[in-house]
Amino acid sequence: MQFATPTATLSHPIGESLKSRAARVVPGGIYGHLDSALLWKGAPQFVKHAQGSHFWDVDGHEYIDMMCSWGPILHGHRHPVVEEAVARQAAMVDCGNGPTEAFVELAELLTDTVAHADWAMFAKNGSDVTTLAVSLARAHTRKRVILVAEGAYHGALPWCNPNTAGVLTSDREYLAYYTFNDLATVGELFAEHRGDVAGVIVSAFRHDASYDQELTDPAFARGLRLLCDTHDAVLIVDDVRAGFRLTTGCSWEEFDVRPDLSAWSKGIANGYPIGALLGSDALRPTAQTVFATGSFWMAGVPMAAAIATLNLLKDTDGLTRMYERGTQLVGGLRAQAAHHQLAVRVTGPVTMPYLKFIDEEHHALTERWAAEVAQRGAFVHPRHNWFLSTAHTTDDIEAVLHATDAAFATIAATL
Ligand SMILES: Cc1ncc(COP(=O)(O)O)c(C=O)c1O
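These numbers were taken from a predicted model, which means no experiment stands behind them.

## Looking at the sheet that holds strand S7 (residues 197–203)
Line of reasoning, step 1. Here we have seven strands laid out as an open sheet, ordered S4-S10-S9-S8-S7-S5-S6, and mixed in their pairing. Edge strands, defined here as strands with exactly one partner in the open sheet, are strand S4 (119–123) and strand S6 (175–178). Taken pair by pair, the neighbouring strands of this sheet meet at an average axis angle of 20°, ignoring direction.
Line of reasoning, step 2. Two strands pair when backbone bridges link them, and S4 and strand S10 (residues 275–279) are joined in this way by five bridges, in the antiparallel orientation. Counterpart to Phe 122 in the pairing with S10 is Ala 276.

Quick look at the structure:
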């Protein structure tokens, strides 16, 4: 691929024109986490096409994609095996009067793959299944309070939206907040709400946007399991973001911890819209009583995509390659920062890394750095963790490191 001239600012005439048109007919032009206004001026907004580990914006600029569409792209854009499964299912039916064979096959595959899972239910988004998990915990225990880690993201519905516009105090009345990796704070909340804690929801690891990431302390994971068992509460692991990027099972299997429920979405269907809630037998009777549905929840195409995605992960060395490429990237970034005498922290699992400058205000340096990287043909985010995919090659990572090194040099020259 071509590297842009280091100091050039990429121009986006088509993207800018689309933004102006959108601003007239969409509130704010674009909403939510994909809004490029949250990035540097001139960041790509509209995507024209994507293939493998690369994408092209509407103005024709090519980027190595280190965000993987914020997680869903596990095997690279338009992976031929997934696309073939999609085309086969689409040629029969997608949205029907009932589910397709893929519904049963996917539930079988997930329950065979994820150790704690005896059953599966499907929806569209991560928010659907984290919310369903919370409802199930309450219905199962007949208690009210859900313990949530402070700052954790579990979706954009009223109970969990980081923004409070339009949210009622009553929407969050029965939530209490603990500190991730701090078991004592969870114990205190169990004591404070004695007899009324329905469940604890916890991310695979701490990946709150804008902050350094924090890996899970195995003792914290095991302690949470014990506290939930002691107090008859439901343990929910939110694997929406990390699912299948750390291991082929639930992310907490490495700690020998089996949650009662786990929530999945993002990477499980290589970009096709599906969420899954997996549960243990103890919760099965309750899961049968909750009315959970949506017009598109049973659609066959995303289920066919999920089957192909998961089989690819299990039948190939994709996960190992993802770890190798991630190690190459993270090692390279740390060496470059040291070489340029810049204080940065690279945190999180190597398959989902995040880089942030240590001494900065409002992410100013990290954002400038990410903008410089984008000028050179790689897309990383200054406020959110990035994602490796099985499609990233050693050449891709070398090209990314070429861009990041030049970006570090530019920043170092201005300090
Ligand atoms: C850990 C976690 N849970 C839940 C969600 C919500 O998923 P969705 O955006 O598909 O509703 C996200 C989305 O980023 C997430 O990262």
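## A look at the packing of helix H9 (residues 318–339) against helix H11 (residues 394–414)
Line of reasoning, step 1. For the pair H9 and H11, the least separation of the axes is 10 Å and the interaxial angle reads 20°. It follows from the interaxial angle that H9 and H11 lie roughly parallel. Considering the relative orientation of H9 and H11, their crossing is right-handed. Along its contact with H9, which presents Arg 325, Gln 328, Leu 329, Gly 332, Leu 333, Gln 336 and Ala 337, the element H11 presents Thr 394, Ile 397, Glu 398, Val 400, Leu 401, Thr 404, Asp 405 and Phe 408.
Line of reasoning, step 2. Partitioning the contact of H9 with H11 into residue classes produces seven nonpolar, five polar and three charged.

## Observations regarding the confidence of the model for the chain
Do not read the predicted coordinates in detail wherever pLDDT is low.
Line of reasoning, step 1. Looking at the chain as a whole, the pLDDT averages 96, with 98% of positions reaching at least 70.
Line of reasoning, step 2. Of the regions scoring below 50 in pLDDT, residues 1–7 engages in 13 contacts with residues more than four places distant in sequence or in other chains.

## Description of the nonpolar core
Line of reasoning, step 1. Residues Leu 147, Trp 252, Trp 369 and Trp 386 are the most contacted members of the largest nonpolar core, which totals 104 residues.
Line of reasoning, step 2. Examining the composition of this core, we find that nine residues originate from one element, helix H8 (residues 300–315), more than from any other.
Line of reasoning, step 3. Filtering out sequence-adjacent residues up to four positions away, Trp 386 remains in contact with Met 66, Met 67, Leu 329, Leu 333, Thr 351, Met 352, Pro 353, Tyr 354, Leu 355, Trp 369, Val 380 and His 381.
Line of reasoning, step 4. Val 129, Cys 160, Leu 175 and Leu 261 belong to the second largest nonpolar core, which has 25 residues in total.

## Notes on the site of the ligand
Line of reasoning, step 1. Taken together, the residues surrounding the ligand are Asn 125, Gly 126, Ser 127, Tyr 153, His 154, Gly 155, His 207, Asp 238, Val 240, Arg 241 and Lys 266.
Line of reasoning, step 2. A distance of 2.8 Å separates an oxygen atom of the ligand from a polar backbone atom of Gly 126.
Line of reasoning, step 3. Arg 241 is positioned with one of its side-chain polar atoms (N or O) 2.9 Å from an oxygen atom of the ligand.
Line of reasoning, step 4. Notes on the ligand: free accessible area 390 Å², of which the protein chains cover 88%.
Line of reasoning, step 5. Residues of the shell around the ligand, tallied by class, amount to two nonpolar, six polar and three charged.

## Structural notes on the sheet that holds strand S1 (residues 47–51)
Line of reasoning, step 1. The sheet built from four strands is open, its strands ordered S1-S2-S3-S13 with mixed pairing. With partners counted over all chains shown, the strands left at the sheet margins are S1 and strand S13 (378–379), one partner each.
Line of reasoning, step 2. Bridge count between strand S2 (residues 54–57) and strand S3 (residues 62–65): three bridges; the pairing is antiparallel. Each residue of the ladder has a partner; that of Trp 56, found in S3, is Glu 62.
Line of reasoning, step 3. Along the sheet, H11 contacts S2, S3 and S13; its crossing angle with S3, the most-contacted strand, is approximately 110°.

## Overview of the environment of His 339
Line of reasoning, step 1. Mapped onto the fold, His 339 is located in helix H9.
Line of reasoning, step 2. Residues His 339 and Gly 279, spaced 60 residues apart in sequence, show a C-alpha to C-alpha distance of 48 Å.

## Considerations on a negative patch on the surface
Line of reasoning, step 1. Where like charges cluster on the molecular surface, the negative patch consists of Glu 101, Glu 105, Glu 108 and Asp 112.
Line of reasoning, step 2. Within the secondary structure layout, Glu 101 lies in helix H3 (residues 101–113).

## Things to note about the packing of aromatic side chains
Line of reasoning, step 1. Overall, the coordinates contain 13 aromatic pairs when judged by the stated rule.
Line of reasoning, step 2. Here Phe 103 and Phe 122 contribute two aromatic rings whose centre-to-centre distance is 5.8 Å and whose plane-to-plane angle is 70°, an arrangement assigned as edge-to-face. Of this pair, Phe 103 sits in helix H3 while Phe 122 sits in strand S4, placing them 19 residues apart in sequence.
Line of reasoning, step 3. Under the relative-accessibility criterion, Phe 122 is labelled buried at 5%.
Line of reasoning, step 4. Each residue in the set Trp 40, Phe 55, Tyr 63 and Phe 379 is aromatic and connected to the rest through ring pairs, giving one cluster.

Conventions adopted
- Residues numbered from 1 in each chain as written.
- Predicted model: local features only at pLDDT ≥ 70, side-chain atom pairs only at ≥ 80, totals over all residues.
- Heavy atoms only, no water.
- Pairing = 2+ DSSP bridges.
- Helix = DSSP H or I, 4+ residues; strand = E, 2+ residues; numbered from the N terminus.
- Axes fitted to C-alpha atoms, helices over the stretch in contact; angles between N-to-C directions.
- Parallel < 35°, antiparallel > 145°, perpendicular 65-115°, else oblique.
- Left-handed = near helix turned anticlockwise from the far one by under 90°.
- Contact = heavy atoms within 4.5 Å.
- Nonpolar A, V, L, I, M, F, W, Y, C, P; charged D, E, K, R; others polar.
- pLDDT = per-residue confidence, 0-100.
- Core = buried A, V, L, I, M, F, W, Y, C linked by side-chain atoms within 4.5 Å.
- Buried < 20%, exposed > 50% of the residue type's maximum accessible area, 1.4 Å probe, protein only.
- Near = heavy atom within 4 Å.
- Polar contact = N/O pair within 3.5 Å; in protein donor to acceptor, adjacent residues only side chain to side chain.
- Areas by Shrake-Rupley, 256 points an atom, 1.4 Å probe, with all protein chains shown as cover.
- Patch = residues over 30% accessible without salt bridge, like charges linked within 9 Å, V, L, I, M, F, W, Y side chains within 5 Å.
- Salt bridge = Lys/Arg side-chain N within 4 Å of Asp/Glu carboxyl O.
- Lys, Arg positive; Asp, Glu negative; His and termini not counted.
- Charge placed at Lys NZ, Arg CZ, Asp CG, Glu CD.
- Phe/Tyr/Trp six-rings, centres within 6.5 Å; stacked < 30°, edge-to-face > 60°.

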